[in-house]
Amino acid sequence: MTDPTNLPDPMDPLDDLRTSAPARIEAAETVAELDAIEVETVGRQSPIALARRGLGAIEDPDARRNEGLRINELASALSDAIDRRRAELASAELAVALAEDRVDVTAPGRRIERGSVHLIQETMDEIVDIFVGLGYTMATGPEAESEFYNFTALNIPSTHPTRLESDTLYLDYGEEQEEVLLRTHTSPMQARYMEEHEPPVYVVVPGRAFRADVMDATHLPVFHQIEGLAVDENITFGDLKGTLAAFAKEFLGSETKVKFIPHYFPFTEPSAEMHAYAHGQWLELMGCGMVNPAVFEHVGYDPDRLSGFAFGMGAERLAMVRHGITDMRTLADADIRVLEQYR
Ligand code: PHE
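Note that residues are indexed from 1 along each chain, following the sequence as it is written. Under the rules for a predicted model, residues below a pLDDT of 70 receive no local features and side-chain atom pairs below 80 are neither given nor counted, while totals for whole chains, interfaces and linings still include all residues. To get the side-chain values, all heavy atoms of the structure are used, and hydrogens and water are removed first.

Draft legend 1. Layout of the pairing of strand β6 (residues 222-232). Burial analysis of β6 places 9 of its 11 residues in the buried class, which makes it a mostly covered element. Two strands qualify as a pair provided that DSSP identifies no fewer than 2 bridges between them. Helix numbering and strand numbering both begin at the N terminus, where a helix is a DSSP run of H or I of at least 4 residues and a strand a DSSP run of E of at least 2. Bridge count between β6 and strand β10 (residues 307-314): 8 bridges; the pairing is antiparallel. In the sheet register, Leu229 faces β10, and the bridge partner there is Ala310. When a residue's accessible area, from a 1.4 Å probe over protein chains only, is under 20% of the maximum for its type it is buried; when over 50% it is exposed; and in between it is partly exposed.

In structure tokens form, the structure reads like this:
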């Protein structure tokens, strides 16, 4: 009688494993897939484990030993194949992970964009610096202002058109109507500063001002001014001209010519507009004049002993004159491409 264990037994589940498992192991695409195949083929519930458990039922010792050898041979052949495939897959997966995580240390770095001061702020800083160089100090004041400081203390009569709501942005604040407003110029600081300080006064005041204007090429509803005030004994219109001409040469170049054209402001008398010759034409730079004695009286300064001059200029306007900008809106746009041109 031939040894039944040497015959292919169609009912033997190990035969099926023997023929199909090696191909499945080779075909596994991932370590996880291979782990599952391992459990199925040589794990504790696998046909191999079941066959081992069945060995005790074989009575003939030779047959039992043969069957045991057959099982072990298959088990170790499959385990070897699994280990080999696992090593292959693990190194392939590692290669992929390394490729994905690769850092190109030779790639150029990403540049961090550096911010800078806005052209308007830069212009104001520069103007203030010029006056500080002439011995002035700097002060700032409130943007929400009372109608007293914005108008009355500056000798602007209650009938003056700038007080109209069409020009002035009033705030719904205070006891009476039209008592609080957004300052329409930085001039209220003239009165505030004199109230707080004994003469002599040499001060510049940069700050925001507001008017009920629609934005166009030459108007912004929010703009910036630099106010100046000099009060001392014996200050003359000559001092005004000399100071403001020196400023214009410092700001626009030492060859800059200026001229003074008579004008009217309630808080200065006489008043003028200073124009400068730039880019081939005369351009208005600022309003100015000798402090009106009525303003001294409002703040308790003695108009018989003191005299002085005041001036007010728009930072947007001066930046435009300096850089040849023709549309004021570009200064409010915050378009970085425009602003970068004036760095
Ligand atoms: N406050 C004036 C304006 O806004 C400018 C000015 C200031 C004129 C000081 C004279 C003196 O137009």
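Still more ground to cover, so stick around.
Draft legend 2. Here's a closer look at the domain arrangement of the chain. Bear in mind that the domain bounds are from an automatic or database domain assignment. Domain assignment breaks the chain into domain 1 (9-100) and domain 2 (119-342). Using only C-alpha atoms to locate each centre, domain 1 and domain 2 end up separated by 93 Å.

Draft legend 3. Local environment of the packing of aromatic side chains. Pairs were defined over the aromatic rings of Phe, Tyr and Trp, the Trp ring being its six-membered one, requiring ring centres within 6.5 Å. Orientation was assigned from the angle between planes: stacked under 30 degrees, edge-to-face over 60, tilted for the rest. Tallied over the entire structure, the rule returns 11 aromatic pairs. The interplanar angle of 75° and the centroid separation of 6.3 Å between the aromatic rings of Phe237 and Phe260 together place this pair among those described as edge-to-face. Linking Phe237 in helix α8 (residues 237-252) with Phe260 in strand β7 (residues 258-265), this pair joins segments that are 23 residues apart in sequence. Geometrically, the ring pair formed by Phe247 and Phe251 is stacked, given 5.6 Å between the ring centres and 15° between the ring planes. Taken together, the residues span about one helical turn, with Phe247 and Phe251 both in helix α8 at a distance of 4 residues.

Draft legend 4. Structural detail: the environment of Thr106. Position of Thr106 among the secondary structure elements: in the loop between α4 (61-100) and α5 (119-133). Thr106 gets classed as exposed once you look at its relative accessible area, which sits at 66%. For Thr106 and Asp83, which are 23 residues apart along the polypeptide, the C-alpha to C-alpha distance reads 38 Å. Engagement of the side chain of Thr106 in a polar contact is seen with the side chain of Asp104, the distance being 2.5 Å. Identification of polar contacts relies on pairs of N or O atoms within 3.5 Å, with a donor-acceptor requirement for protein atoms, meaning one able to donate a hydrogen and the other able to accept it, and with residues adjacent in sequence counted only if both atoms are side-chain atoms.

Draft legend 5. Quick look at the pattern of salt bridges. Should a side-chain nitrogen of Lys or Arg be within 4 Å of a carboxyl oxygen of Asp or Glu, the pair is scored as a salt bridge. Enumeration over the complete set of coordinates arrives at 13 salt bridges. Here Arg24 ties to Glu40 by a salt bridge, and the two come within 2.8 Å at their closest N and O atoms. Of the two residues, Arg24 is situated in helix α1 (residues 13-27) and Glu40 in helix α2 (residues 31-42); the sequence distance between them amounts to 16 residues. What makes Arg24 partly exposed here is its relative accessible area of 35%. With its nearest N and O atoms 2.7 Å apart, the salt bridge here joins Arg192 to Glu145. Of this pair, Arg192 sits in helix α7 (residues 188-196) while Glu145 sits in strand β2 (residues 144-146), and the two are 47 residues apart along the sequence. The class of Arg192 is partly exposed, set by a relative accessible area of 26%. Bridged by salt links that share partners, the residues Asp35, Glu38, Asp83 and Arg86 form one connected network.

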